[in-house]
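# Understanding the architecture of this molecule
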Amino acid sequence: MSCSHLPDPLYQTEHGAVYACPECGWFNILFGPAMLAQSRPGFYAFCELIRTLEPSADFALHGHPRCYHLHTADRRFGLALTASELEDLRELMNGAAAMDELQTIIDRTVDPSRPD
């Protein structure tokens with residue numbers, strides 16, 4: 001589920017962008033042709049998944065460059081990434097997480113009574 005509010009741009013690279021909703025905290029992650037909508041916990045879980053993703057195939061055995069696979073639990077949606085695409089996605093997610101953490105610090109400084 002995504003929100004119906006107008007999200008704010010949070011972080012962008014030449015390969016994608018992340019938008020965050022200031023009203024409800026949902027994140028829209030755009031990378032290549034894919035768009036993922038995540039709640040705050042889902043966004044940080046996805047950041048961790050991308051940070052720790054390992055190849056699912058041996059390049060020498062399979063000889064195929066798309067060796068990083070992400071898919072939903074029911075396998076109805078998936079992404080196959082090259083090593084280069086995975087690095088681009090990591091850059092996007094790391095930058096977006098850093099900007100979100102910085103925005104949280106700024107918000108707490110401006111309004112200490114604001115909930116997380």
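## Here's the deal with helix α3 (residues 83-110)
- Relative to the 40 Å expected for 28 residues at 1.5 Å per residue, α3 spans 40 Å between its end C-alpha atoms, a close match to the ideal helical length.
- For α3, the set of buried residues is L86, D88, L89, R90, L92, M93, G95, A96, A97, D100 and D107.

## A look at the nonpolar core
- In terms of nonpolar packing, the biggest core is built from 21 residues, with V18, I29, F43, F46, L89 and M93 touching the most fellow members.
- Mapped by element, the contributors of at least two residues to this core are β2 (16-20), β3 (27-31), α1 (40-52), β5 (68-71) and α3.
- For this core, the element with the most residues is α3, which contributes six residues.
- What L89 contacts, discounting residues up to four positions off in sequence, is F31, F46, I50, L70 and L81.

## Topic: the pairing of β3
- Across the five residues of β3, four count as buried, placing the element largely inside the fold.
- The pairing of β2 with β3 spans five bridges and is classified as antiparallel. By the bridge assignment for β3, V18 is matched with I29.
- The turn joining β2 and β3, which pair antiparallel and follow one another in sequence, is formed by six residues; a positive phi near 85° is taken by G25.

## Some details on the state of the cysteines
- Throughout the structure, instances matching the rule amount to zero disulfides.
- Free cysteine: C24, not disulfide-bonded; nearest cysteine sulfur from C21 at 3.6 Å.
- What makes C24 partly exposed here is its relative accessible area of 36%.

About the criteria used
Residues numbered from 1 in each chain as written. Predicted model: local features only at pLDDT ≥ 70, side-chain atom pairs only at ≥ 80, totals over all residues. Heavy atoms only, no water. Helix = DSSP H or I, 4+ residues; strand = E, 2+ residues; numbered from the N terminus. Expected span 1.5 Å × (residues − 1). Buried < 20%, exposed > 50% of the residue type's maximum accessible area, 1.4 Å probe, protein only. Core = buried A, V, L, I, M, F, W, Y, C linked by side-chain atoms within 4.5 Å. Contact = heavy atoms within 4.5 Å. Pairing = 2+ DSSP bridges. Disulfide = S-S within 2.5 Å.

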